[in-house]
Amino acid sequence: MEILGDFHFFMYSFKTLADSLDLELHGADVRLLGISTPFKAAPNELSVIFGKDVLLRLKEIRSKALLVDADLVSTDILKRLEDMEISYCLSHSPREHLALLIEQLIDRPKQQPGIHPTSVIGEESTIADSSSIGPYCIIGKNCHVSDSVNIYSHVVIGNRVEIGNNTVIHPNVTIADNSVIGNHVILQAGCVIGSDGFGYYTKEDGHHRIPHMGCVVLEDDVEIGSNSTIDRATIGETRIRKGTKIDNLVQIAHNVLIGENCLIAAQVGIAGSTEVGNRVTIAGQAGLVGHIHIGDDVTIGAQSGVIGTIRPNQIVSGYPARNHRQALKNLAYVDRLADFEKRLDELWRVMVDSGGVQG
Amino acid sequence: MEILGDFHFFMYSFKTLADSLDLELHGADVRLLGISTPFKAAPNELSVIFGKDVLLRLKEIRSKALLVDADLVSTDILKRLEDMEISYCLSHSPREHLALLIEQLIDRPKQQPGIHPTSVIGEESTIADSSSIGPYCIIGKNCHVSDSVNIYSHVVIGNRVEIGNNTVIHPNVTIADNSVIGNHVILQAGCVIGSDGFGYYTKEDGHHRIPHMGCVVLEDDVEIGSNSTIDRATIGETRIRKGTKIDNLVQIAHNVLIGENCLIAAQVGIAGSTEVGNRVTIAGQAGLVGHIHIGDDVTIGAQSGVIGTIRPNQIVSGYPARNHRQALKNLAYVDRLADFEKRLDELWRVMVDSGGVQG
Amino acid sequence: MEILGDFHFFMYSFKTLADSLDLELHGADVRLLGISTPFKAAPNELSVIFGKDVLLRLKEIRSKALLVDADLVSTDILKRLEDMEISYCLSHSPREHLALLIEQLIDRPKQQPGIHPTSVIGEESTIADSSSIGPYCIIGKNCHVSDSVNIYSHVVIGNRVEIGNNTVIHPNVTIADNSVIGNHVILQAGCVIGSDGFGYYTKEDGHHRIPHMGCVVLEDDVEIGSNSTIDRATIGETRIRKGTKIDNLVQIAHNVLIGENCLIAAQVGIAGSTEVGNRVTIAGQAGLVGHIHIGDDVTIGAQSGVIGTIRPNQIVSGYPARNHRQALKNLAYVDRLADFEKRLDELWRVMVDSGGVQG
C-alpha cells in the first residue's frame, strides 16, 4: 500500500485568502493547491511560519506563499523573501490566522440532526431537534441534550445528565450519572467523565469502597482530551471551570476544582480535593498531590511533583516543585559536584598534610 | 445554561441517620435536605469533617449537622460547636460512617436482570438469570457469568472468560480471551483487561511479536480504574490478588503479580514480571521496572522510580527509589549546595592565599 | 469461585516440537500437556529459560522439558540437567523459538470473513471480501479496508480512512477521519488514532482551538498499545514509520514523526512536532518536549525528561536527560553529599580555629 497521508487539496488564490483574513499580501498572487508544513510545502502550497529556526533555513523552503509571524522578520528577511520571489503576509497573531484559515478549508461536516435509530434513549430524556446522536449511543433517563449538540457514535451517557448547546462528544466517551456538561464543550474520544473516585476506608479485613454520590461539572468551553479520566466527587462536585483545556490521558481525581482558562497538558495527574486557580498552565506528566491550592497564573513545569500549596504568579518545576530558577540552579549545582569533590579532596589532602585534620 | 452540579436531595432527620449508624447525636435533631462538603453545606445539609484544617475554620461552616472525626476534637472544639448550635456526632471511623451514610442516600439502581436484546452472546456461554447485561455488549464463546453480575452497555468480552458473582463492569470495558474475573470485582469505564503484552524478539529486519497465550486473573474484590490497562501474560498469568484496588490510567504489564489489599494510585506503571507483595501502597505516577520484587507492606512515594527489589515494610521514594528519609535528606542537601559552594570557594581562596593549594 | 487462570492444555511430544523448530533434543522425549513459567511448570509442562537467575535455582524446577538460552549454559549446568533427567533444547534465539512455539499452540481463531449485520458502513466505502468486521462497528464514508483485515467489535472509523492488508484492530478503538493505517498493523483495544491535537491560540477572552486538518499515518507493521492516543497533525501529518511498536497509555502529540523500528514503552509522552529517529528505544514514563530531534539508535531511560535534541547513538537518562553514565554519576554524588558536608564542616571549623576564615 502506498502511504500518502497529506491530501488536503483545495484551489484558492493567496490574495483571496489574505483578503479574508484582512492581511496585506506582499508580492504576486499565488494559485494555491494546498497548505503544508514549512519544509514540506510545494511551491503552490501555503505555509505558516512561527519559529525563528525556520527563517534560519529559509533557502530550504520551496513554498511561494508564506504567512509569517510579524515579530520574527527583519528588513533582511523581507529582502530575502523578495529575492526568492516568495509572496507573504505578515501577521501579529499567526496562530489565530492559521486557525481562521483552516476553518475555511477544512471539510468536516457535522452529523445530520436527529437520533440514529440504533441509539437507546431513556425515559424522560429530551434531545433538542437541532442536535445529532450517532449510532449505538446510550442515553439514560432524565437527561437533557440542548441545541446543536453533536454526539458521535458509541457514546454512553448515564442518568440525569445535562448537556449544553453546541457541545461535541466524540466516539467511545463515557459520561456517568448526574454529570453536568456546559455549552461549547468538546470531549475527545474515549474520555471518561464521572467514574467513581479512588476512595476507600480500611479495616482489618481490607479496603472498602466509599460510594461516590457527587458529580462532575464541566463548564462552558471546556475541552477534555482522548482517554482522559475525570472522577466524580465523593460528595459535592469535581468542577472544571469555563475555558479550561485538558489534553490526553490526564487524570483528575474526585473533588478537584480547576479554575478558568487553564491549560493542562498530556498525562498530568491531579489528586483528590486539590484546587487549581485561573489561567494556570501545567506541562506534561506533572503530578499534584491532593488537598493543595495552586494560585492564579501559576505555571508548573513538565514532570514536576507539586506537594504543597503554590502562591499566585509563580513558575515552578522539579521535585518537590519550587521556584523554577531555583530548580534550574539546583540542577546546575548537581552538575558541578564532580568539581566540588575534587576541590574538597584537594583541600582535605592539604589539611591532612599540614596536620590540621585527621585524614 | 445554569450549571448546578450539586443536587442530591433527600429528607431525613439527623437523629434517624445517627441511630442507623449507631452514633450518639449531640444537640437538637436537624431536618436534613442534603449532604455537602464542609464549606459549601447549607444549614440543613449534613457535612463530614476529617481534617484538622477544617476545624480551624469553624466559623465559616454554616451546616448545623456535622459528623466529626472523634480524634480531632478537643473540649474547646466541642464547646464552640455547642455555642454555634451545631448538632454533631463523633465517629472513630468517619470514612466508614460516611460510606454507610452515602449507601443509604445514594440512588443508583442496578440494571434489571436479563440480557438486553441488542447484546450478542456467543455459543456455549452461560449467564445467570440474576445477572444483567446492558445494551450492545459482546460476550464471546464458552464464557460464564455468575450471579448478580451487572454489566453495563458496550462491554466487549472475549472467549472463555469467567466472571464471578456480584461483579460490576462499567461501559466501554474490554476483556480479552481467557480472562478470569472474581467475585465482587469492579471494572471502571474504559479499562482494558488482557490486551497483548509488549513482548518482541528482534532480528535484523526489525521487531517481531511474541504471541501472548497467557491470561489475566483478577481475584475477588479487586477494582480497576477507568482506562487502566492490564496486559495478559506471555505464558502463565498476570494476577492481581484479592482486595487490591487500582486507580485510573494505571499500566500493569505482562506476567506481573500483585498481592492482596494493595492500593495503586493513578498513572502508576509496573513493568513485566515484577512481583508486588501484600498491602503495598504505590502513590501516583510511580514507575516500577520489570523483574523485581516488592516486599509486603511497602509504601512507594509519588513519581518514584523503583529499579530494584525492595524489602518488606520499607517506605521508599525518589529516583532511584530508596529509603524515604534518605531521599528527603538528599533533596535537602541539594537545596544547600549554594551554601556548600560558597564555603568551598572561601576555603579555597584562603588556601590559595596561604600557598597551600595552587589556585 | 475457584480461580484458575492457567489452562492452556495441549498434547505434543517434545521431540516433535523440537523438530518443528529445527532444534536438537537432548535427553528422552517428553509427552507435554502444557507450557508454563519456570517455577510453576509441572513435570509434563514445557518451560523456556532466558534468565541466569533461573538457572541458579535449578533445583526448584520440576519441568522435565526445557528450552534454554544457549548463551547461559555451562558444561556444569548441562551436567546437572542430565543428572536431574531434564530433557532440553539449546537455542541461540530463545525468544524467537518461544514465539514460534506459541504460534503452534495458541488457539485464537480469526473472525470469519464478512461484515456483521449490525455494523454500519458509510457510502463509497469498500471492504475486501477476505476481511472481517465484527459487531457494532462504524465505518465512515470513502474508506477502504484491504485484504484479510480483522476488525473486532465496537470499532469506530471516520471518513476517508485507509486500512492496509492483514491489519488487526481490537475492540473499542477509535480512528478519526483521514487516517492512513498500513499493512500488518495491530491496534490494541481502546487506543485513539487521530484525535484533535492540543493546539490553541490565546486572546484576552481565553484559549481558542486551532482546528486540526492534518492526519495520522501509521506505516506497515506498526503496533499501538491499549488506550494509547495518537493525535492528528495541525497541518500535514503525525507519522509513525514502519516496524515501530508502541506500548499502552502512550501519548503522541500532533505533528510528531517517529522513525522505523522504535520501541516505545508504556506511559511515554512525546510533545508536538518532535522527531524521533530510527531504532530508538524509549523506556516507560519518559517525556519528550516538543520541537526536538532524537537521533537514530538513541536509548532514553525510564522517567527521563528530554528537553533538547539528542545526537545519534546516545544513551540518556534523568532530568534533564543527559549521558546515562553522567546521570548515574550525578545520582552517586548526591548520595555522598552527607559526607561532603561533614568534611566541609570539619575543614571550616579548622580554618575558623586557625583564624583563616571568619566563622
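In this convention, every chain numbers its residues from 1, walking through the sequence in written order. Both sets of labels track the order of writing: A upward for chains, 1 upward for ligands. With the structure being a predicted model, the display of local features is reserved for residues of pLDDT at least 70 and the display and counting of side-chain atom pairs for 80 or more, all residues being used for whole-chain, interface and lining totals. Hydrogens and water are ignored here; the side-chain numbers use all heavy atoms of the structure.

K.L.:
Looking at this model, I keep getting lost on the overall build of chain A. Mind explaining?
P.N.:
Looking only at helices and strands, chain A has 6 helices and 39 strands in total. For this measure, only C-alpha atoms enter the radius of gyration; the expected value for a globule follows 2.2 Å times N^0.38, where N is the number of residues. For chain A, whose C-alpha radius of gyration is 27 Å, the value lies well above the compact-globule estimate of 21 Å for 359 residues. Each of the three principal axes of chain A carries a C-alpha extent, and together these read 90 × 80 × 45 Å. With 359 residues in all, chain A has 60% of them scored as buried. Residue pairs at least 24 apart in sequence account for 17% of intrachain contacts in chain A once pairs closer than 6 positions are excluded. A run of DSSP states H or I qualifies as a helix once it reaches four residues; a run of E qualifies as a strand once it reaches two. Both are numbered from the N-terminal end. When accessible area is computed with a 1.4 Å probe and restricted to protein chains, residues below 20% of their type maximum are described as buried, those above 50% as exposed, and intermediate ones as partly exposed. The contact criterion used throughout is that any non-hydrogen atoms of two residues lie within 4.5 Å.

K.L.:
How should the domain arrangement of chain A be read in this particular structure?
P.N.:
It is common to give the size of an interface as the accessible area lost on bringing the parts into contact. Domains are outlined according to an automatic or database domain assignment. The domains assigned to chain A are domain 1 (2-105) and domain 2 (123-326). Between the C-alpha centres of domain 1 of chain A and domain 2 of chain A the distance comes to 37 Å.

K.L.:
Looking at this structure, I do not really get the interface of chain A and chain B. What am I missing?
P.N.:
At the interface, 80 residues of chain A touch 63 residues of chain B. Put simply, buried area is the surface a 1.4 Å probe can reach on two separate parts but cannot reach once they are joined, added for both. Carbon and sulfur atoms make up 62% of the area that chain A and chain B hide from each other, which totals about 5800 Å². Every case where a carboxyl oxygen of Asp or Glu lies within 4 Å of a side-chain nitrogen of Lys or Arg is listed as a salt bridge. Joining chain A to chain B, the criterion identifies 6 salt bridges. Between Glu237 of chain A and Lys40 of chain B there is a salt bridge, and its shortest N-O distance comes to 3.8 Å.

K.L.:
Looking at this model, I keep getting lost on the relation of the copies chain C and chain B. Mind explaining?
P.N.:
Each of the two copies of the chain can be brought onto the other by a rotation about an axis and a shift along it. For the match of chain C to chain B, the screw axis carries a shift of 0.0 Å, the RMSD comes to 0.1 Å, and the turn is 120°. Both chain copies can therefore be described as sitting about a three-fold axis. Least-squares superposition of the copies uses the C-alpha atoms of those residues scoring a pLDDT of at least 70 in each of them.

K.L.:
When you look at the pattern of salt bridges in this model, what are you seeing that I'm missing?
P.N.:
Oppositely charged side chains can pair when the atoms bearing their charge come close. Applying the stated criterion across every chain yields a total of 54 salt bridges over all chains. Across the pair Glu60 of chain C and Arg57 of chain C runs a salt bridge whose closest N-O atoms are separated by 2.9 Å. Residues participating in the shared-partner salt-bridge network are Lys40 of chain A together with Glu219, Glu237, Arg239 and Arg241 of chain C.

K.L.:
Looking at this structure, how should I read the sheet that holds strand S37 (residues 305-306) of chain B?
P.N.:
Two pairing modes exist for strands in a sheet, parallel and antiparallel, and in both the strands are linked by backbone hydrogen bonds. Residues and elements named next belong to chain B. Strand pairing requires that DSSP identify at least two bridges connecting the strands. Spatially, S8-S11-S14-S17-S20-S25-S28-S31-S34-S37 is the arrangement adopted by the 10 strands of the open sheet, whose pairing is parallel. The open sheet terminates on both sides in strands that have one partner only, identified here as strand S8 (120-121) and S37. The sheet contact formed by strand S20 (residues 192-195) and strand S25 (residues 229-231) spans 3 bridges and is parallel. Considered in S25, the bridge of Ser195 is made with Asp231.

K.L.:
Just to check I follow, could you spell out the confidence of the model for chain A for this structure?
P.N.:
Segments scoring low in pLDDT should not have their predicted coordinates read at a detailed level. All names here are of chain A. Across the chain, each position has a pLDDT score giving the predictor's confidence in that residue, from 0 to 100. Residues of chain A with pLDDT of at least 70 account for 96%, and the chain-wide mean is 92. A low-confidence stretch, residues 1-9 (pLDDT under 50), is modelled with 32 contacts involving residues beyond four sequence positions or located in other chains. The complex model carries a pTM of 0.94, and its ipTM stands at 0.93.

K.L.:
Is there a simple way to explain the interface of chain C and chain B in this structure?
P.N.:
In this complex, chain C contributes 62 residues to the contact, which on the side of chain B involves 80 residues. The junction of chain C with chain B conceals about 5800 Å² of combined surface from both sides, 62% of it contributed by carbon and sulfur atoms. At the junction of chain C and chain B, the tally comes to 6 salt bridges. Here Arg343 of chain B ties to Asp345 of chain C by a salt bridge, and the two come within 2.8 Å at their closest N and O atoms. The term polar contact refers here to a pair of N or O atoms within 3.5 Å; inside protein, the definition further demands a hydrogen-donor-capable atom paired with an acceptor-capable atom, and it admits residues adjacent in sequence only when both atoms are side-chain atoms. At the junction of chain C with chain B, the criterion picks out 27 residue pairs in polar contact (both at pLDDT 80 or more). Put simply, the parts of the chain that give the side of chain C that touches chain B at least two residues each are helix H4 (94-105), strand S27 (245-246), strand S30 (263-264), helix H5 (324-335) and helix H6 (337-353) of chain C. Tallying contributions element by element places H6 of chain C first for the side of chain C that touches chain B, with 9 residues.

K.L.:
I tried to follow the sheet that holds S27 of chain C on my own but got confused; where do I start?
P.N.:
All names here are of chain C. Taken together, 12 strands build an open sheet; the order of strands is S7-S10-S13-S16-S19-S24-S27-S30-S33-S36-S38-S39 and the sheet is mixed. This sheet does not close on itself; its edge strands, each paired only once, are strand S7 (114-115) and strand S39 (322-323). As judged from the 2 bridges shared by strand S36 (residues 299-300) and strand S38 (residues 315-317), these two strands associate in the parallel manner. Opposite Ile300, over in S38, you have Val316 as the bridge partner.

K.L.:
Just checking my understanding: could you explain the relation of the copies chain A and chain B for this structure?
P.N.:
In screw terms, the move from chain A to chain B is a rotation of 120° and a rise of 0.0 Å along the axis, fitting with an RMSD of 0.1 Å. By residue overlap, the copies meet through two different surfaces: only 18% of the interface positions of chain A are interface positions in chain B.

K.L.:
What should I look at first to understand the state of the cysteines in this one?
P.N.:
By definition, a disulfide is the covalent link that joins the sulfur atoms of two cysteine residues. Residues and elements named next belong to chain A. Pairs of cysteine sulfur atoms within 2.5 Å are what we label disulfides. In total, this model carries 0 disulfides over all chains according to the counting rule given. Lacking any disulfide linkage, Cys215 is separated from the closest cysteine sulfur, that of Cys143, by 13 Å. A residue is classified by how much of its surface remains accessible, and Cys215, at 0% relative accessible area, is buried. Not engaged in a disulfide, the cysteine Cys262 finds its nearest cysteine sulfur in Cys191; these two sulfurs lie 18 Å apart. The class for Cys262 is buried, based on a relative accessible area of 0%.

K.L.:
Help me understand unusual backbone geometry in this model?
P.N.:
Among all residues except glycine, the phi angle is most often negative; among peptide bonds, the trans geometry is most common. All names here are of chain A. The linkage connecting Tyr319 with the following residue, Pro320, adopts the cis geometry, with an omega of -10°. With respect to the helices, strands and loops of the structure, Pro320 is situated in the loop between strand S38 (315-317) and strand S39 (322-323). Despite not being glycine, Asp22 has its phi angle at roughly 65°, a positive value. Residue class for Asp22 comes out exposed when judged on its relative accessible area of 75%.

K.L.:
What is the right way to read the pairing of strand S5 (residues 65-69) of chain C from this model?
P.N.:
Regular strands have side chains that alternate between both faces of the sheet. Residue and element names in this part refer to chain C. Counting buried positions along S5 gives 5 out of 5 residues, so the element sits mostly inside the fold. Both faces of S5 are covered, namely the face carrying Ala65, Leu67 and Asp69 and the face carrying Leu66 and Val68. Across 4 bridges, the pairing between strand S4 (residues 45-49) and S5 is parallel. Paired with Val48 across the bridge in S5 is Leu67. Here S5 pairs with strand S6 (residues 87-91) via 5 bridges, running parallel. Its bridge partner being in S6, Ala65 is matched across the sheet by Ser87. The path from the first strand over the helix to the second decides the hand: if it runs clockwise while the strands point away from the viewer, the crossover is right-handed. In terms of handedness, the path from S5 via helix H3 (residues 75-83) over to S6 forms a crossover that is right-handed.

K.L.:
Which parts of the structure should I look at to understand the environment of Ser47 of chain A?
P.N.:
Residue and element names in this part refer to chain A. Position of Ser47 among the secondary structure elements: in strand S4 (residues 45-49). Overall, Ser47 belongs to the buried group, its relative accessible area being 0%. In this structure, the C-alpha to C-alpha distance between Ser47 and Ile35, residues 12 residues apart in sequence, is 5.9 Å. Apart from residues lying up to four places away in sequence, Ser47 is in contact with Ser36, Thr37, Pro38, Ala41, Ser63, Ala65, Leu66 and Leu67.

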